[in-house]
Amino acid sequence: MIAYIIRRIGTSVIVVIGVSIVIFVLLHEIYPSPARDVLGLKATLAQVNAWNKANGYDAPVIVQYLRYVGHLLQGNLGYSYAENQSVAALFQERVARSAYLSGMSLLLAIVIAIPLGIYQAVRRNSVGDNVATSLAFVTYSMPVFFLGLILIQVFALSWPVLGFEASQSTSVLTVMGDWHDMLLPILTLALITVASFSRYMRSSAMDVLAQDYIKVARAKGLPERLVLLRHLLRNACLPIITLIGLSIPNLLAGNLITESLFNYQGLGLLFFNSLSKADYPTLLAYTLIGAVFVVIGNFVADLALSAADPRIRLV
Amino acid sequence: MKFGKARFGGMILAVAGVTALAACSSSGSSGGGSTNGSAITLPGGYGSVPAAATGAEKAGTITWALQPGTSPNWIFPVIPSADNSVFNAESFGWDMWVPLYWTQNGVTPEMVPSMSPADTPVYSNGDKTVSITMKSWKWSDGTPVTAKDLEFDIDLIKAGVKESPSNWASYTPGYFPDNVVSMSTPDASTLVLNLKSAVNPSWFTEDILSYAGPVGPLPAQAWSKDSANGPILDFTNPANATKIFNFLTAASKSVSTYATNPLWQVVDGPYKLSAYNATTGAFTLVPNTSYSGPHAKVESNFQGVPFTSNTAELNALKTGSVDVGYVDYTAVPQIPSIKRVGYNVFGMPDYGSNFVAYNFKDATGHFDAIANQLYFRQAMAHLEDEQGYINAFMHGAGDPAYGPIPAYPQSPYLPADAATNPYPFSVSDAVSLLKANGWTVTPGGTDTCTKPGTGAGECGAGIPAGTKLAFNLIYSTSPSLLGQQVTDLASEAKQAGVEITLQSSNFNYMITNYLDPAAPANENKWAMEDFGGETDNPYPTQFNFLNTGGATQIGDYSNSTANGLMTASISSGNPSAVKNEAAFLTMNQPLLFQPTPDYIWAWKTDISGEPSSFENLTQYYATPEFWYFTK
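Figured I'd write up the structure that's included with this text. (Residues numbered from 1 in each chain as written. Chains lettered and ligands numbered in written order. Predicted model: local features only at pLDDT ≥ 70, side-chain atom pairs only at ≥ 80, totals over all residues.)

### A short note on the overall build of chain A
Regarding its fold elements, chain A presents 16 helices and two strands. Along the three orthogonal principal directions, the C-alpha set of chain A runs to about 85 × 60 × 30 Å. Within chain A, the fraction of its 315 residues that count as buried is 37%. (Helix = DSSP H or I, 4+ residues; strand = E, 2+ residues; numbered from the N terminus. Buried ≥ 20, exposed ≤ 12 C-beta atoms within 10 Å, placed from the backbone.)

### What about the sheet that holds strand 8 (residues 190–195) of chain B?
As a general point, the strands of a sheet are linked pairwise by backbone hydrogen bonds and lie either parallel or antiparallel. Residue and element names in this part refer to chain B. Read from one edge of the open sheet, four strands run 5-6-8-7, paired in antiparallel fashion. Looking at strand neighbours, the two that pair on one side only are strand 5 (122–124) and strand 7 (180–187), the edges of this open sheet. Strand after strand, the sheet turns through a mean of 20 degrees between neighbouring axes, direction not considered. Note that strand 5 and strand 6 (residues 129–133) share three bridges and pair antiparallel. Along strand 6, the bridge assignment pairs Tyr-123 with Val-130. Running at roughly 160 degrees to strand 7, helix 1 (residues 147–163) makes contact with strand 6, strand 7 and strand 8 of the sheet. (Pairing = 2+ DSSP bridges. Axes fitted to C-alpha atoms, helices over the stretch in contact; angles between N-to-C directions. Contact = placed C-beta atoms within 7 Å.)

### Digging into the environment of Ile114(A)
All names here are of chain A. Within the element layout of this structure, Ile-114 appears in helix 5 (residues 87–122). Taking the number of C-beta atoms within 10 Å as the measure of exposure, Ile-114 has 20 and is therefore buried. For the pair Ile-114 and Leu-238, spaced 124 residues apart in sequence, the C-alpha to C-alpha distance is 11 Å. Dropping the residues within four chain positions of it, Ile-114 is found in contact with Met-201, Cys-237 and Ile-240.

### With respect to the interface of chain A and chain B
How big an interface is tends to be reported as the loss of accessible area on association of its parts. At the junction of the two partners, chain A supplies 31 residues and chain B supplies 32 residues. For the side of chain A that touches chain B, the secondary-structure elements that each account for two or more residues are helix 2 (35–39), helix 5, helix 7 (144–158), helix 14 (256–261) and helix 15 (267–276) of chain A. Residues of the side of chain A that touches chain B, tallied by class, amount to 13 nonpolar, nine polar and nine charged. (Nonpolar A, V, L, I, M, F, W, Y, C, P; charged D, E, K, R; others polar.)

### Concerning the pairing of strand 13 (residues 343–349) of chain B
Residue and element names in this part refer to chain B. Among the seven residues that make up strand 13, six are buried, leaving the element largely enclosed by the rest of the structure. Two strands pair when backbone bridges link them, and strand 2 (residues 46–47) and strand 13 are joined in this way by two bridges, in the antiparallel orientation. The residue bridging Gly-47 from the neighbouring strand is Phe-346, located in strand 13. Relative to strand 22 (residues 596–604), strand 13 runs antiparallel, the two being bridged by seven bridges. Directly across from Tyr-343, in strand 22, lies its bridge partner Lys-604.

### Comments concerning the sheet that holds strand 21 (residues 591–594) of chain B
All names here are of chain B. As summarised here, the arrangement of the five strands in space is 19-18-20-14-21, forming an open sheet in which the pairing is mixed. Taken across any chain shown, the strands that pair with only one partner, and hence form the sheet edges, are strand 19 (499–505) and strand 21. Direction aside, the axes of adjacent strands within the sheet are offset by 35 degrees on average. In this sheet, strand 20 (residues 528–535) lies alongside strand 14 (residues 352–358) in antiparallel orientation, the contact comprising six bridges. Bridge pairing links Ser-353 to Glu-534 in strand 20. The strands touched by helix 11 (residues 480–495) within the sheet are strand 14, strand 18 (470–476), strand 19, strand 20 and strand 21, with strand 19 carrying the most contacts at an inclination of about 165 degrees.

### A short note on helix 9 (residues 386–393) of chain B
Residues and elements named next belong to chain B. Of all the residues in helix 9, the buried ones are Glu-386, Tyr-389, Ile-390 and Phe-393. Projected down its long axis, helix 9 shows its buried positions confined to an angular sector of 105 degrees, all on one face. Buried residues along helix 9 sit in contact with strand 15 (398–399), helix 11 and strand 21. Just downstream of helix 9 lies His-395, where phi reads positive at about 55 degrees. (Arc of directions from axis to C-beta.)

### Here's the deal with unusual backbone geometry
All names here are of chain B. In this model, Phe-176 is joined to Pro-177 through a cis peptide bond whose omega is 0 degrees. Note that Pro-177 resides in the loop between helix 1 and strand 7. Put simply, Tyr-408 and Pro-409 share a cis peptide bond, and its omega is 0 degrees. Structurally, Pro-409 is set in the loop between strand 15 and helix 10 (427–436). The phi dihedral of His-366 falls on the positive side, at around 60 degrees, and the residue is not glycine. Summarising the element assignment, His-366 is placed in the loop between strand 14 and helix 7 (367–371). Phi is positive for Asp-556, close to 65 degrees, though the residue is something other than glycine. Examined against the element boundaries, Asp-556 turns out to sit in the loop between strand 20 and helix 13 (560–571).

The following block contains the structure:
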């Protein structure tokens, strides 16, 4: 196990390095330097070249990359000329908010989807199962902005019981306590996730219910509640564990549309604004951190799977 | 998308006889407010502006919606190119440090003497000497605003551009402040500028001394140092000025300290900053009780509230959660529902023009030669259905523009030939022009030059026989209006056999890669491009934009007659010289001018004030010092 973890860390580092090289080179091709952003459109080519020389942007790509990596290792993610702040500061201001929104919606989705999927599997082809399936298909096929707009219209405008925008506080603790304003954005993300998670759970639970050990447990007279909790739940959750692991990168950036819709200053919106402003230092840092999150997410998923199912051995 | 107002152009000196924003001081009385007279409807405007309510005037906190991505991120009034935008200047900075001459009266670009901290400048010595007399205004620390404070600003600008031309967005080498030979302060309130050569008085004031810079007094007694606790330095020493400039620039880059840094608390404008959120860009301005200019009897706090999308802001209006907000032109059909919540609504296009630029250097398919033919540009203008665009894409909330000075908002410099369309929409007229100039027109196909040559009825110089009238047009995908307009243009053009291949892109990529001066290597990659437009200065000369070699040229338009007229605009003694320039450019069509959508604003019905203070919202100006609550 230890050897596996070490090997996995090693390959993860190689993957992240590879991603960083590809992204850096690609962005460099599109955007060789921020000189034009700093100097303005009236700057002559000579002035642009002078700025590039003074700031190291005339060096070969490999030299610039190594310099960038050196800064990264010291926690320097670069400077955003578009925002007049360091990239690290931009991230720091938003990461907790985005993580809360993504994390809460994921948690809510899990809490709803797992029992719903089990119910649908146990009561398959019943009225309840069919209704839940229909709702899942409708929700899953709905764009997130459309679902959000419907929820805002119903619960914030027509029948104003909830806030039309997310909490505007920059303190994540205040945001966490503000259920009135956070419920709709969390629900918007959660419902889409419930739709897909519940389908996976239903399918997986149906497979487990067909297993011999379930029949044996029932035949031995074990209460149905215990059959489901002790034998069905853990075995049927394996696909969900994988999905949760793959959802970890969303903690970083999966909420762009929701953040735009609910006026929530998070990382997803930062990414979008960076794209539209051609704020490449921010984009570069964002993509690299995203790669790290993907790698971590996969790793965590594999470890969790191994812990949940002893038949899976990590070698 | 428009450039910010950073465009070097002329400034014009005061236009007399304006109905300036006056100090509001209606007699107080108990009870709720009532309108005094009917609402004001302006030509070309959308909606109307109610007259100022009489009766009780109450203070409070007025919340104001900030568009996505427009939160201010620069506070030092000497604004560098990288941070130049109307949102850092007119809608934020100018509430704290007033430009020398205020040149926006409602929707009309004209000087407002009462809001200017200096008297109308006096030109002498053949328009080579400018005498500026400061009024008896005060800084918020109680010290008087003097001519030295204005000299301080100019010295800082000089120091900044000496280090790098981009340190002042309005700088063009050879012009201000390079053309200032010397400055003197014969007394505490007078600054005299001696210039290298004569300037057009109208141009010099509105573009240089106020708007485009801006140029305005800065608190030398508090800012003339090179460290937070350092001594006050003599800024007239260039070495000191450089140190001071670098110190103030560094402070301005520290966005998280805007509300706490004591530097930024010394203001002469109606407001000072009390809170600023570096994450969201939200800010709170509180009244400067020492403000010497005109304002309402009671002044309210003013809060900028950022929004992440137009949809989120529209929801805020629908719930009445923001006092003053904008209405995107795509949401015009929802205005009745906004009004029902309790808002007044008014819109007017921004003073400027949207356009599609020609690339006069693109040799692909001989487009450079084609674009240089006036008849071709006239034909393209005939293919543009401006009123159709306004009706279909802007829901009727827009106005046409036929030249560099738009028809609306009305400007005293609008030439007669730009008030109506000199090239009205007509595919048949476009076809006639092409046929009359040597082209075989193939409707639905591609026109071909069949009569090459430079004589009458021939295609023109540099266009060989067999040349196809086919080229590309690159457009920005944001806002969607641009794509809608050029798609229609391409469709109409096809009927005249003009084959336009549309390519989508984004604004930042286009201004980096498809500007001839900035990216000469890409000269042959684009024939026409549409990224929005530009805002005009109050004296709307196109000098530096359309003159040969102008610093902000896009497609290298070059015309000797235009050059002469633009030069006259900035250097002749005729205060209306720009009218002749605009008249020529309207007919010569250096750009394919397009209509401009109304910039629409909504404000709650219980907020009142001088009508022009609401009108100028449409021009990106925020003057909340004139607003008050009526309940």
